[in-house]
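# Understanding the architecture of this molecule
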There are 4 protein chains.
Amino acid sequence: MDKLKLGVIGAGRVGQIHIENIFTIPTIELVGIADANIAMIQEKYPTVKCYKTADELLAVEDIAAVCIFTSTDTHEELCLKAARAGKHIFCEKPLSMSLDEVKNIQILKEIKAQRVQIQIGFNRRFDTQFSEIKAKAIEQLPENLQVVKITSRDPDLLPHALIKRIGGLIFDFTMHDFDMARFIMGKNIQEVFVKGDTLIDPTLREIDDIDTLIAVLTFEDGSFGIIDNSRKAVYGYDQRLELFGSFGMFKAENISDSMVEAYSELDMTRKNPYPNFAQRYRQAYHAELVEFADSLIEGREVPVSGIDAIMAQRVAIAAEESLKTGKPIKINTEVPLI
Amino acid sequence: MDKLKLGVIGAGRVGQIHIENIFTIPTIELVGIADANIAMIQEKYPTVKCYKTADELLAVEDIAAVCIFTSTDTHEELCLKAARAGKHIFCEKPLSMSLDEVKNIQILKEIKAQRVQIQIGFNRRFDTQFSEIKAKAIEQLPENLQVVKITSRDPDLLPHALIKRIGGLIFDFTMHDFDMARFIMGKNIQEVFVKGDTLIDPTLREIDDIDTLIAVLTFEDGSFGIIDNSRKAVYGYDQRLELFGSFGMFKAENISDSMVEAYSELDMTRKNPYPNFAQRYRQAYHAELVEFADSLIEGREVPVSGIDAIMAQRVAIAAEESLKTGKPIKINTEVPLI
Amino acid sequence: MDKLKLGVIGAGRVGQIHIENIFTIPTIELVGIADANIAMIQEKYPTVKCYKTADELLAVEDIAAVCIFTSTDTHEELCLKAARAGKHIFCEKPLSMSLDEVKNIQILKEIKAQRVQIQIGFNRRFDTQFSEIKAKAIEQLPENLQVVKITSRDPDLLPHALIKRIGGLIFDFTMHDFDMARFIMGKNIQEVFVKGDTLIDPTLREIDDIDTLIAVLTFEDGSFGIIDNSRKAVYGYDQRLELFGSFGMFKAENISDSMVEAYSELDMTRKNPYPNFAQRYRQAYHAELVEFADSLIEGREVPVSGIDAIMAQRVAIAAEESLKTGKPIKINTEVPLI
Amino acid sequence: MDKLKLGVIGAGRVGQIHIENIFTIPTIELVGIADANIAMIQEKYPTVKCYKTADELLAVEDIAAVCIFTSTDTHEELCLKAARAGKHIFCEKPLSMSLDEVKNIQILKEIKAQRVQIQIGFNRRFDTQFSEIKAKAIEQLPENLQVVKITSRDPDLLPHALIKRIGGLIFDFTMHDFDMARFIMGKNIQEVFVKGDTLIDPTLREIDDIDTLIAVLTFEDGSFGIIDNSRKAVYGYDQRLELFGSFGMFKAENISDSMVEAYSELDMTRKNPYPNFAQRYRQAYHAELVEFADSLIEGREVPVSGIDAIMAQRVAIAAEESLKTGKPIKINTEVPLI
């Protein structure tokens, strides 16, 4: 296989970012796109074959793998269908809206049974800075990693309607940080304590969501993690990480496409961090698909597994409980067998 | 009063730092020093009158104010004696080892009754960067301040013997951060949740202490604070602060006496942060005494009150309980009347 | 025209960088590549039609524009051939090895006569940071721009054989800085003074070249420029720019793909700047071709003209003379009519 | 000698900065101040004995050393008088207004004959960052030091009247940079080329001065220096230095008393560099006097000699000539014997 023949299901907010990236990846050939709004995609991507339904696209024999960029509530069904059609799967996190881990494990088992692979879209793992810290962390003994700190703030509130479809702060947003914390530390999370509130938009309570969150993680060996989230950082998309231990500290600050310093009579100004996830993680979104394609072309295992999705989801479920009960909640650290 | 005539009680680790500073403050005249090790201080400070006991020094009529730099377990008694001798007091935090707030309030009442003032040595409030953030915070409405984050790490473990005299991590070290969090936010803390462990030196358990701590604070209006502490940051004394809210973010990173960048074939290197509290807070230690002297000379109120000590201590006591019970603990936010 | 149908002439060191970029630009269709080493390009780019000579490629009617990435000594002839074949031209700087400006102007006149356009590969103009400074400079009155400073250092010495083909330090390297200085200031250069020497490799004298250079520019309105060059910065490709004036200062420091700070017992280390021009200016190389394609597709003027090449070359010729005579040399600031 | 008994001559702009520092140096006892405006100094420094003339102060036997902080045109005479009175001398640069080096050498010979020492106020040598770079430079072989770059910009224009008394840009300001370039490189300067103009205040031409200057230095071994000066950087006192060579680069950027970053909806802002020489070099002004006192108390040679003043002045004289003739000017690199 020279190029990965790929189909895309879902060309909405996130899907379009991925599609633009896919056009620039020489190892991927975009064979087809499926979206209910077929008129829109036909106009937008005139060189690609378009389909109204996922089923039509999955029936295309030439397609070796599909990307599932539809809303979370459809992930489960589409993963199963894709697997049964013999397509490898790249699926945006989370794997499903289901809190029922058993169901998620069954999806993974079905995927395995069909001898295809699934990669979960934990794109941040592919960020240049975070993966550099991961590489440095691997050089340390696990017990030397004492505290991981993640700051993750969105630039603005989401519409309530969207939240209902993709999940609230913990499932849509903090989920990434739970995965990142576990990824960087190389250890499973055994307890989570969460404080959260609506400090920005009190109407979020109506849909049982929050906009500000602090989480304290305890890893299985007693080391710690801290996450702080906000839905509205007016200065942009704030994504930072710090790893502390007996070796010292590794620290990734925010980045931007320009560090130009402008000194005036008043003060020095510099551009804010990247304004949103599309710009901030453009490189990471690109890299995760390059890696997906390369893994499949070379017959290797894809880099982020369904297990990773399950382990992050367990923490998210416990986090919800902690938020509601006001108490730290224990988490099962045993990795499920698929 | 042109210059503040000052006596110093205690010329140990911290006392000597202060004494060096006092020599450089034109508005203070150092009249006498009392320390049990009178031979040492006589040799070290030949131009100053030396005393073996605090009582002798407190008997000197010419002295208008005293600094109490002795170990924490003596603060209580010395404050009372100084007040009764009619001396204004600058006392290193905490006010006492006593967990009994009633006792502390009585000390403050006695001080008030003697018509002298007491300033508590929360030196970090005088740090240039943190006080700049405080000034910026004051320009905001209180509800705009959503999250304060403090990283505070010591460069190395303390001897167990010293810990026994000055208190464990929470009372000796995190205490500063509780005060700083309350100072920056301008709000009282109503809940604290603490996780802590001995990730560096397991023998600390023998003296019921920890070396690593994460604390989540909830302020009286629902806003949040996060503190992370470690006893051993091999790269120096790590002191950072970040204030987040609807306005954006104010962020104070570590500083050093040189930011020289050295680029070599391998990488770029820069000096580590200041190595210890004496160097890091030299300016703050200096400024708090300048302000103490200026306040007394000009007949103003001193800047950090005994109430501030009590409010921080309440959080420390709750933090100890949270650490032991594994649960978040509520704190009385009512400011005591003196 | 939906996509620009492009041919590439020359797939050597620089050509391959461009070709990799071209593959990722959705508005360009790479129709053919010509290189004497046809076996190499056939293997490397199996999906593209390959030609052994420029003539064969220029004969392909479907091609609307060509990129000339061959060595400098062939630019002149290929530009003329391409123009006569009715192809728009993207040509790597400099336009020719010829010191004879009259000849260069004739090339430009022929290009104009053939109703095609030529864009010169002054890629640095498209760098995000430098173009941000250019945009800020445009907001100022010209007389407010007082001093432009450029530091431009290569990571390592070039082989003598290559230098003979592409020109010495001034023609191959400082040429970019002359263009950048003029671009940022929006003013022509009327005097140059150069000091230079072989502080790194004395054998460069054998081929009449230098490895270290300082240039002082005086612009037509009396404002100044400073350039400092070295052929060997062991820490990477050093590319910085600073613009000073009555408004204050705009400053672009080096960048890298990671700003991760690693604090250890010894010091803080960070990655060096990008190691070479390919990585440092990947974005700029990409952007200049995107802009070339967009200009032609939309029927606009291309962004960097042949005049720009001539104006930079004049400074380079004067710089050579200054280096040899030890005196400042005047430069004709009158823009030639084509 | 426990403390250096010091007299100060001249309590103007710079003198007062020094006097404030002297009060904070435990190894110096300020015995007397002489200033024509005796009423002013008596009110300002009530605890110090004041004199109307230098002669009166020089007659005080108890004084071991004097600081000459008067305007440049008086340095020569006061140095001679002080030497003859047997006092060690700390003299602000330059040593004299005289372009006649022979005269300066005679002053130094007289000082030597009287067995006293003279230290020149090249305060910037004592700046923490620059002295760190000096220390790093010393670890290199001299031939490894290839280019030193100094940016030195004043925050605002000086009154014409003051310029007449202290000298124009080259003698008052660039002089520091000539000394710094020679100090960092540890090599003498053998050629200087200067371009300068009045880009800010054209009326400076009336007093034969400029406000903007670029200087290219060639050191005795062929290595280079670049200096760029401006009289008006609206963002503060801009003082930067960079040393480049075969080892890589050492770089000192501007500093400030706060690096707090404020992120808002618009951008990130940070405080400007220190606003003026008094704040920027407070530490250096302090350190040079501490070192002066310590050297005399311990019977060592003082750190900045009269030779250093002469070597810098030679470059300044040549720089004036280069500015006027438009040509590079050679400089005698032979160190005079005193």
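Residues numbered from 1 in each chain as written. Chains lettered and ligands numbered in written order. Predicted model: local features only at pLDDT ≥ 70, side-chain atom pairs only at ≥ 80, totals over all residues. Heavy atoms only, no water.

Next up on the list: the sheet that holds strand E5 (residues 88-91) of chain A. All names here are of chain A. One open sheet holds the 6 strands; their spatial order is E3-E2-E1-E4-E5-E6, and the pairing between them is parallel. Among the strands making up the open sheet, the edge pair consists of strand E3 (49-51) and strand E6 (118-120). Sheet twist, expressed as the mean angle between neighbouring strand axes with direction ignored, is 25°. Where strand E2 (residues 28-34) lies against E3, 3 bridges are found, and the strand directions are parallel. Residue pairing for E3: Ala34 is matched across the bridge by Tyr51. Contacts between helix H1 (residues 13-23) and the sheet are confined to strand E1 (4-9), E2 and E5, with E2 contributing the most and set at about 150° to the helix. (Pairing = 2+ DSSP bridges. Helix = DSSP H or I, 4+ residues; strand = E, 2+ residues; numbered from the N terminus. Axes fitted to C-alpha atoms, helices over the stretch in contact; angles between N-to-C directions. Contact = heavy atoms within 4.5 Å.)

All names here are of chain C. Summarising burial for strand E11 (residues 238-245): 8 of the 8 residues are buried, a large majority. Here E11 shows two buried faces, one formed by Asp238, Arg240, Glu242 and Phe244 and the other by Gln239, Leu241, Leu243 and Gly245. One ladder, built from 8 bridges, connects strand E7 (residues 145-153) with E11; its direction is antiparallel. The partner of Arg153 across the bridge, within E11, is Asp238. Counted between consecutive antiparallel strands, the loop separating E11 from strand E12 (residues 248-252) contains 2 residues. (Buried < 20%, exposed > 50% of the residue type's maximum accessible area, 1.4 Å probe, protein only.)

On to the interface of chain A and chain D. Taken together, the 14 residues of chain A in the interface contact 14 residues of chain D. When chain A packs against chain D, close to 1,200 Å² is buried across both sides, 51% of that on carbon and sulfur atoms. By the criterion of area lost to chain D, the three top residues of chain A are Tyr263(A), Met268(A) and Arg270(A), representing 40% of everything that side buries. Applying the counting rule to chain A against chain D returns 6 residue pairs in polar contact (both at pLDDT 80 or more). Contributing elements (two or more residues each) for the side of chain A that touches chain D: strand E13 (261-263) and strand E14 (268-270) of chain A. In the side of chain A that touches chain D, the residues fall into 6 nonpolar, 3 polar and 5 charged. (Buried area = accessible area lost by both parts, 1.4 Å probe. Polar contact = N/O pair within 3.5 Å; in protein donor to acceptor, adjacent residues only side chain to side chain. Nonpolar A, V, L, I, M, F, W, Y, C, P; charged D, E, K, R; others polar.)

Before going further, it helps to spend a moment on the domain arrangement of chain A. Residue and element names in this part refer to chain A. Per the domain assignment, the segments of chain A are domain 1 (4-123 + 286-304) and domain 2 (125-275 + 309-330). Put simply, the middle of domain 1 and the middle of domain 2, counted by C-alpha atoms, are 26 Å apart. Taken together, the 25 residues of domain 1 in the interface contact 20 residues of domain 2. With both chains or domains summed, domain 1 and domain 2 bury close to 1,800 Å², and 62% of this area falls on carbon and sulfur atoms. If you sort the residues of domain 1 by the area they bury against domain 2, Lys93, Glu101 and Phe122 come out on top, with a joint share of 32%. Where Arg314 meets Glu101, a salt bridge forms, and the shortest distance between an N and an O atom there is 2.8 Å. The tally of links from domain 1 across to domain 2 stands at 6 residue pairs in polar contact (both at pLDDT 80 or more). The element contributing the most residues to the side of domain 1 that touches domain 2 is helix H5 (residues 101-113), with 4 residues. Within the side of domain 1 that touches domain 2, the residues separate by chemical class into 11 nonpolar, 8 polar and 6 charged. (Domains from an automatic or database assignment. Salt bridge = Lys/Arg side-chain N within 4 Å of Asp/Glu carboxyl O.)

In this section: the interface of chain B and chain A. Frequently, the measure chosen for interface size is the accessible area removed from exposure when the parts meet. Contacts between chain B and chain A engage 38 residues on the former and 38 residues on the latter. Summed over both sides, the interface of chain B with chain A buries roughly 3,000 Å², with 67% coming from carbon and sulfur. Area buried by chain B at its contact with chain A is led by Lys195(B), Phe224(B) and Phe244(B), which between them contribute 18% of it. Our count for the chain B to chain A interface comes out at 10 salt bridges. Here Lys195(A) makes a salt bridge to Glu191(B), at a shortest N to O gap of 3.0 Å.

Another point: the pairing of E7(C). Each regular strand carries side chains that alternate between the two faces of the sheet. All names here are of chain C. Counting buried positions along E7 gives 9 out of 9 residues, so the element sits mostly inside the fold. As paired strands, E7 and strand E10 (residues 224-230) are joined by 7 bridges and run parallel to one another. Along E10, the bridge assignment pairs Ile150 with Ile227.

All names here are of chain D. As for its placement among the helices and strands, Ile331 is situated in the segment after strand E15 (329-330). Residue Ile331 is classed as buried on the basis of its relative accessible area of 10%. Look past the residues within four positions of Ile331 in its chain and what remains in contact with it is Ile189, Gln190, Glu191, Val192, Arg314, Val315 and Ala318.

The next subject is the packing of aromatic side chains. Enumeration according to the criterion identifies 34 aromatic pairs over all chains in this entry. For the ring pair Phe247(A) and Phe250(A), a centre distance of 4.4 Å and an interplane angle of 20° mean the geometry is stacked. The two residues Phe247(A) and Phe250(A) agree in class, both being buried. In textbook terms, an aromatic cluster arises when at least three aromatic residues are bridged by ring pairs, as seen for Phe69(A), Phe90(A) and Phe292(A). Over the ring of Phe173(A) we find Arg124(A); its NZ or CZ atom is 5.6 Å from the centre of that ring. Stacked on the ring of Phe250(D), the Lys or Arg Lys136(D) has its end atom at 5.8 Å from the ring centre. (Phe/Tyr/Trp six-rings, centres within 6.5 Å; stacked < 30°, edge-to-face > 60°. Lys NZ or Arg CZ within 6 Å of the ring centre and 35° of its normal.)

Moving on, we get to the relation of the copies chain B and chain A. The operation relating the two chain copies consists of a rotation about an axis and a shift along that axis. Once chain B has been moved 0.0 Å along the axis and rotated by 180°, it coincides with chain A to within an RMSD of 0.0 Å. Such values leave the two copies arranged in the relation of a two-fold axis. When C-alpha positions in chain B are compared against the rotation axis, the closest is assigned to Lys327(B), at 3.1 Å. Most of the interface of chain B is mirrored in chain A: 100% of its interface residues are interface residues there too. (Least-squares fit on C-alpha atoms with pLDDT ≥ 70 in both.)

What follows covers the sheet that holds strand E5 (residues 88-91) of chain D. All names here are of chain D. The sheet built from 6 strands is open, its strands ordered E3-E2-E1-E4-E5-E6 with parallel pairing. One side of each edge strand has no neighbouring strand; the edge strands of this open sheet are strand E3 (49-51) and strand E6 (118-120). Shown here is a sheet whose adjacent strand axes are inclined to one another by a mean of 25°, direction ignored. Alignment of E5 against E6, held across 3 bridges, turns out to be parallel. By the bridge assignment, Cys91 is partnered in E6 with Ile120. Packed onto the sheet, helix H1 (residues 13-23) meets strand E1 (4-9), strand E2 (28-34) and E5 and runs at close to 150° relative to E2. Contacting E1, E2, strand E4 (65-68), E5 and E6, helix H10 (residues 282-297) crosses the sheet at an angle of about 165° to E5.

All names here are of chain C. Within the element layout of this structure, Ile118 appears in strand E6 (residues 118-120). For Ile118, a relative accessible area of 8% gives the class buried. Expressed as a C-alpha distance, the spacing of Ile118 and Lys164, which sit 46 residues apart in the sequence, is 25 Å. Once residues lying within four places of it in the same chain are set aside, the contact partners of Ile118 are Cys79, Ile89, Cys91, Leu95, Leu108, Ile111, Val302, Val304, Ser305 and Gly306.

Moving on: the packing of H1(D) against H10(D). Residues and elements named next belong to chain D. Viewed as axis vectors pointing N to C, H1 and H10 meet at an angle of 65°, and their least axial separation amounts to 10 Å. With respect to their mutual orientation, H1 and H10 come out roughly perpendicular. Crossing of H1 over H10 shows right-handed handedness. Mapping the contact onto sequence places Ile17, His18, Asn21 and Ile22 in H1 and Arg282, Tyr285, His286, Glu288 and Leu289 in H10. Along the lines of polarity and charge, the residues of the contact of H1 with H10 split into 4 nonpolar, 3 polar and 2 charged. (Parallel < 35°, antiparallel > 145°, perpendicular 65-115°, else oblique. Left-handed = near helix turned anticlockwise from the far one by under 90°.)

Next up on the list: the relation of the copies chain A and chain D. Take chain A, turn it by 180°, move it 0.0 Å along the axis, and it overlays chain D with an RMSD of 0.0 Å. When the interface residues of chain A are mapped onto chain D, 100% of them again lie at the interface, so the same face is used by both copies.

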